[in-house]
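# Summary of structural features
The lines below spell out each chain.
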Amino acid sequence: MEGRLAFGATYAENRHLVLEVTKDMLAELEKADSVFQVRGLNKERAYLVTKDKTYEIQSIESSNTQLLIKKRDESIQPAKRLKSATGVPDTNRIVIEASTTTHMALRETIPSIYTLYQLLRTSPEYSDEEAEAGGTASALRDVIAGAKLYRFDDLCDALHCSDKELRKYLRMLHAIEINGFWRLLSTAFADDLIEFVLATIEMNGWAFDSVPVSRCVEDVKADYPAFLVHHALRLLCKSSSEGAGANGNKTIALDPAKICLFKAELLFHKKSTISDRQLMNEWGKMLPQGLMPDRNLLGGVAIESKTPEGVKWTYVTHLMLPALAADRMDALFELRPRWKLEDLRPYMECLRDYGETLEQLVLKHAREVDGYCVPIVVSGLAMAR
């Protein structure tokens, strides 16, 4: 077998990087329209990002040395291939281009919505003060002087995530792009905006499943600019798509469940804990004709608890809880001593790692007893961890 291995001219240059991928990843990366980037190179971790997925790049050491060779080009005539020491063409010679004891592997990850939320919260919320300033560039500078603002690319770089994942999270957080920057609306401003848009729809007698977008914008423009009206409609619609309505006007279908939930949140924004009787009574009075209050809509928005005075509801969303799973379970057990797994879903779902089920996540920090998740007991102390 002598002479079958040879070192290439670039062997000692150490310019090769080995990346291990699955067949599915390779197929995705080799698509003609595939676009991917490596982000976070100057940080502690680096990520490979495609148009819709995020992979953490991990460095893996090996005790075995891997020899890297080029794939043989079978189109080359044997007589033109490398010659052995005898001067005879060596058709079996393998040229080693490099060696390595390290390779990179990709692990699909789920970006943290809470990192995005904290970034957006460092920017000033859009409020009445800014709206009254008129939205001009000079007014914007006066209102938010010295504040940190983020464009879409800034957020992509900060989260190291795909564009598709970032847009999904921005929708979930009800963020809005204003003058090129992504912002959150203040709670009071958002409440007034959506209330006004809904009142306009009801006043005009438009069916919720066929709201004429251009007419709605026109009717509201004296109080709110078009981009805010579109934002309010997107928050309440069944989907982001608009269908053709009567007379060629574009219409949008609103989701009755989202309208009901918005009205319930208006109550909780005024009073964080409400008795069940008061909630159902006041909630029902606030709803448009044909809609009814439904406790099942409150999952992930309010937590039910039984007290000597009766059933009460406390306003709690996942954004109000700690971002770490163990701390979040501690907080949830303080609010209620035992939970059904599905009741935990809206509070714990966003903390799952890729490939991890909700049950696997929760049972890292709780135990199951008679179909309920309860704190782990250690030396007589109840602990969520």
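Refer to the preceding data block for the structure.
Summary of the structure given here. Every value quoted in this text rests on a predicted model; they were computed, and no experiment measured them. (Residues numbered from 1 in each chain as written. Predicted model: local features only at pLDDT ≥ 70, side-chain atom pairs only at ≥ 80, totals over all residues. Heavy atoms only, no water.)

Moving on to the environment of Arg151. Within the secondary structure, Arg151 sits in the loop between helix 4 (137-143) and helix 5 (152-159). For Arg151, a relative accessible area of 41% corresponds to the partly exposed category. Taking the C-alpha atoms as reference points, Arg151 and Arg183, separated by 32 residues in sequence, lie 9.3 Å from one another. (Helix = DSSP H or I, 4+ residues; strand = E, 2+ residues; numbered from the N terminus. Buried < 20%, exposed > 50% of the residue type's maximum accessible area, 1.4 Å probe, protein only.)

All right, on to the sheet that holds strand 14 (residues 310-315) then. Pairing is antiparallel across the open sheet formed by three strands, whose spatial order is 12-14-13. Whereas interior strands pair on both sides, the edge strands pair on one side only; in this sheet they are strand 12 (273-275) and strand 13 (302-307). Averaged over all pairs of adjacent strands, the angle between their axes in this sheet comes to 30 degrees, without regard to strand direction. Those strands touched by helix 10 (residues 256-270) are strand 12, strand 13 and strand 14, and its axis lies near 90 degrees from that of strand 14. (Pairing = 2+ DSSP bridges. Axes fitted to C-alpha atoms, helices over the stretch in contact; angles between N-to-C directions. Contact = heavy atoms within 4.5 Å.)

What sets the pattern is the α-helix's 3.6 residues per turn: residues three or four places apart point alike. Its 15 residues give helix 10 an end-to-end C-alpha distance of 22 Å, which sits within 8% of 21 Å, the value for a rise of 1.5 Å per residue. Within the span of helix 10, buried status applies to Ile259, Cys260, Phe262, Lys263, Ala264, Leu266, Leu267 and Phe268. One side-chain oxygen of the residue at the start of helix 10 lies 2.9 Å from the amide nitrogen of Ala257, identifying that residue as Asp255. (Expected span 1.5 Å × (residues − 1). Polar contact = N/O pair within 3.5 Å; in protein donor to acceptor, adjacent residues only side chain to side chain.)

On to the side chain of Arg328. Tracing the sequence through the fold places Arg328 in helix 12 (residues 325-335). Of the polar contacts made by the side chain of Arg328, one reaches the backbone oxygen of Tyr347; its length is 2.6 Å. For Arg328, the contacting residues outside a window of four places in its chain are Tyr114, His318, Leu321, Pro322, Ala323, Tyr347, Met348 and Leu351.

Everything listed is a geometric property; what it means functionally is a separate question.
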